[in-house]
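Letter by letter, the chains look like this.
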Amino acid sequence: MTDARPAGPLVERVRARLAAAPGVPSPGAVAALVREETGGLLGDRAVLDAVREATDELSGAGPLEPLLRAPGVTDVLVNGPRQVWVDRGRGLEPAGVGFSDEEAVRRLAVRLAAAAGRRLDDAAPWVDAALPDGTRLHAVLPPVSGSGTCLSLRVLRRVRLSYADLAGRGALPGAAADLLQAVVRHRLAFLVTGGTGSGKTTVLSALLGLVDPAERLVLCEDAPELSPEHPHVVRLLTRPPNVESVGGVGLRDLVRQALRMRPDRLVVGEVRGGEVVDLLAALNTGHDGGCGTLHVNRAAEVPARLEALGVAAGLDRAAVHSQAAAALSVVVHLRRGPNGRSVAEVAVVRRRGELIEVVPGWRADGAPGPARAELADLLGCRVPG
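Residues numbered from 1 in each chain as written. Predicted model: local features only at pLDDT ≥ 70, side-chain atom pairs only at ≥ 80, totals over all residues. Heavy atoms only, no water.

Some words on the overall build of the chain
Put simply, the test is: By definition, any uninterrupted DSSP run of H or I lasting at least four residues is a helix, any uninterrupted run of E lasting at least two residues is a strand, and each is numbered from the N terminus. Think of it in three bands: with a 1.4 Å probe and only protein chains considered, a residue is buried below 20% of the maximum accessible area for its type, exposed above 50%, and partly exposed in between. Should any heavy atoms of two residues lie within 4.5 Å, those residues are counted as being in contact. Every accessible area reported is derived by Shrake-Rupley at a probe size of 1.4 Å, with residue values counting cover from the shown protein chains alone.
Regarding its fold elements, the chain presents 13 helices and 14 strands. Considering the chain as a whole, with its 385 residues, one finds that 48% of them fall into the buried category. Sequence-distant contacts, at least 24 apart, represent 52% of the contacts inside the chain between residues at least 6 apart. By element, 52% of the accessible surface of the chain is carried by carbon and sulfur atoms, the whole surface being about 17,900 Å².

Here's what the structure looks like:
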């Protein structure tokens, strides 16, 4: 009896026998087939390895499953059967795994799309959806993708870090910790901004943990990423359309429903579409302290980003800027650097004629903040610099 790891053909045979069976196969059923296929010649460890590999192939992410389970992994990218990349927080690097052929990549992409309740085939050659565990899936099939089936998986890490945890990790340098506490305490409407992987959701979640326990938080998200340490949280989640392209629920729908749920703080996990119109309108109608995240590389780009989203949703340019000027007070901008993710600046949203601009009031690099006096007035405290 040997404990050598079973070869790929064994998994292929097990997969072929279970492919036609309805539902997700149980580990017991997979183990029984493994022993049957090998005539009981494998030891317990080898059977366990074969069961795990077969289960990953049939109901998990195949050879990508160990990467998705590995601590610290944020993204897994597949550019074809021999091109698999992983981001462990230090940038992209080769993953050291692959697929047998292009058909194996396509088969996995189609199965993951089906698990998300979406269709992926020649008639619908791309998909953007959330898997049941919250992992974000994007897939593109040839010929739209010229390099074979492409998969992008963003791993949902619901790691709850408190405000003190962030401070201990150096994410709140200098006066940032005191300034952000004042933003929450004064119920200012704010956006947490930054590039991909800069920690926007983590910081927003920690800030929500500072909200008075007597207040009611209503969260609107695509996936359950925010996990504030707060006793009164109501979570609303979007839903993709089904295979008939009906039944979808978007963020804009959620924001409208949230307004009828007596929120003390209305929170949009990520502002990236037409929901910006409803959010700005809500913040202008007595919903103080609302907040969300916005993807921009520089805080100064916030007005242009809001304008693009608002105009696409039907507002004209002047209306977007007028609404934003009345609704938003502060922008907390994060940056991802060699030493990790941290607050880079706390800026003020102010009018400039008919438009708005975002001007730094405090900067982590010690440079003077042109809007320091305005930020100090908003927060009721001294702002260094």
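Digging into the sheet that holds strand β7 (residues 190-194)
As a reminder of what qualifies: Any two strands are treated as partners once DSSP identifies two or more bridges connecting them. Only the contacting stretch of a helix is used when fitting its axis, a line to C-alpha atoms as for every element, and angles between N-to-C directions run 0 to 180 degrees.
Reading across from one edge, β9-β8-β10-β11-β7-β12-β13-β14 is the order of the eight strands in this open sheet, with mixed pairing throughout. A strand with exactly one partner marks an edge of an open sheet, and here the two such strands are β9 (233-237) and β14 (355-363). Within the sheet, the average angular offset between the axes of one strand and its neighbour, ignoring direction, is 25°. Taken strand by strand, helix α7 (residues 176-185) contacts β7, β10 (265-268), β12 (330-337), β13 (340-352) and β14, and its axis lies near 50° from that of β13.

Observations concerning the nonpolar core
Note the following rule: The term nonpolar core refers to a set of buried residues drawn from Ala, Val, Leu, Ile, Met, Phe, Trp, Tyr and Cys, joined through side-chain atoms within 4.5 Å.
Formed by 40 residues in total, the largest nonpolar core has its most connected members in Leu208, Val343 and Trp362. The element best represented in this core is α7, accounting for seven residues. Counting residues in each nonpolar core, the second largest holds 35 residues, with Cys220, Leu236, Leu309 and Val320 among its members.

Some details on the pairing of β13
Bridge count for β12 against β13 is eight bridges, and the pairing is antiparallel. Bridge pairing in β13 places valine 330 opposite valine 348. Between β12 and the antiparallel strand that follows it, β13, lie two residues. As consecutive antiparallel partners, β13 and β14 are separated by two residues, and within that stretch glycine 353 has a phi angle of approximately 70°, a positive value.

Examining the pattern of salt bridges
Our working rule: Every case where a carboxyl oxygen of Asp or Glu lies within 4 Å of a side-chain nitrogen of Lys or Arg is listed as a salt bridge.
Throughout the structure, instances matching the rule amount to 21 salt bridges. With its nearest N and O atoms 3.0 Å apart, the salt bridge here joins arginine 350 to glutamate 357. The class of arginine 350 is partly exposed, set by a relative accessible area of 26%. A salt bridge links arginine 350 to glutamate 374, with the shortest nitrogen-to-oxygen separation between them at 2.3 Å.

Remarks on the side chain of serine 145
Tracing the backbone through its elements, the reader meets serine 145 in the loop between β5 (136-140) and β6 (150-154). By relative accessible area, serine 145 is classed as buried at 8%. Those residues within four positions of serine 145 in sequence are excluded, and the remaining contacts are Val140 and Cys150.

Considerations on the packing of helix α9 (residues 251-258) against helix α10 (residues 275-283)
Quick note on the threshold: Angle categories: roughly parallel below 35 degrees, roughly antiparallel above 145, roughly perpendicular from 65 to 115, and oblique for all the rest. Crossing chirality is assigned from the near helix's rotation relative to the far helix, an anticlockwise turn below a right angle marking it left-handed and a clockwise turn marking it right-handed. For this classification, Asp, Glu, Lys and Arg are treated as charged, while Ala, Val, Leu, Ile, Met, Phe, Trp, Tyr, Cys and Pro are nonpolar and the rest, including Gly, are polar.
At a minimum axis distance of 8 Å, the contact between α9 and α10 shows a crossing angle of 20°. Taken as axis vectors, α9 and α10 run roughly parallel relative to one another. Judged by the twist between their axes, the crossing of α9 over α10 is left-handed. On α10, the residues touching Leu251, Arg252, Val255 and Arg256 of α9 are Glu275, Val277, Asp278 and Leu279. Considering only residue class, the contact of α9 with α10 consists of four nonpolar, no polar and four charged.

Observations regarding helix α12 (residues 317-327)
Worth spelling out the cut-off: Pairs of N or O atoms are called polar contacts if they sit within 3.5 Å, as long as, within protein, a hydrogen donor faces a hydrogen acceptor (for residues adjacent in sequence, only side-chain-to-side-chain pairs).
Burial in α12 covers these residues: Val320, His321, Ala324, Ala325 and Ala327. The N-cap of α12, judged by a side-chain oxygen 3.3 Å from the amide nitrogen of alanine 318 a few residues on, is aspartate 316.

Observations concerning the packing of α10 against α12
Remark: α10 packs on α12, axes separated minimally by 8 Å, with the N-to-C direction vectors making an angle of 45°. In terms of axis orientation, α10 runs oblique to α12. The way α10 lies across α12 gives a crossing that is left-handed. Contacts between α10 and α12 involve Leu280, Ala281 and Leu283 on the former and, on the latter, Val320, Gln323, Ala324 and Ala327.

Let's talk about the side chain of histidine 230
Inspection of the secondary structure puts histidine 230 in the loop between β8 (217-221) and β9. Within the structure, histidine 230 has its side chain in polar contact with the backbone oxygen of valine 211 (distance 3.4 Å). Ignoring anything within four residues of it in the chain, the contact list for histidine 230 reads Leu208, Val211, Asp212, Pro213, Glu215 and Leu217.

Side note on the sheet that holds β6
Judged by pairing direction, the sheet is antiparallel, and its six strands sit side by side in the order β3-β2-β1-β6-β5-β4 without closing on themselves. In this open sheet, the two edge strands, each paired with only one partner strand, are β3 (92-94) and β4 (126-130). Here the strands of the sheet are splayed against their neighbours by 15° on average, with no regard to which way each runs. Pairing of strand β1 (residues 75-78) with β6 involves four bridges; the strand directions are antiparallel. Bridged to aspartate 75 within β6 is arginine 154.

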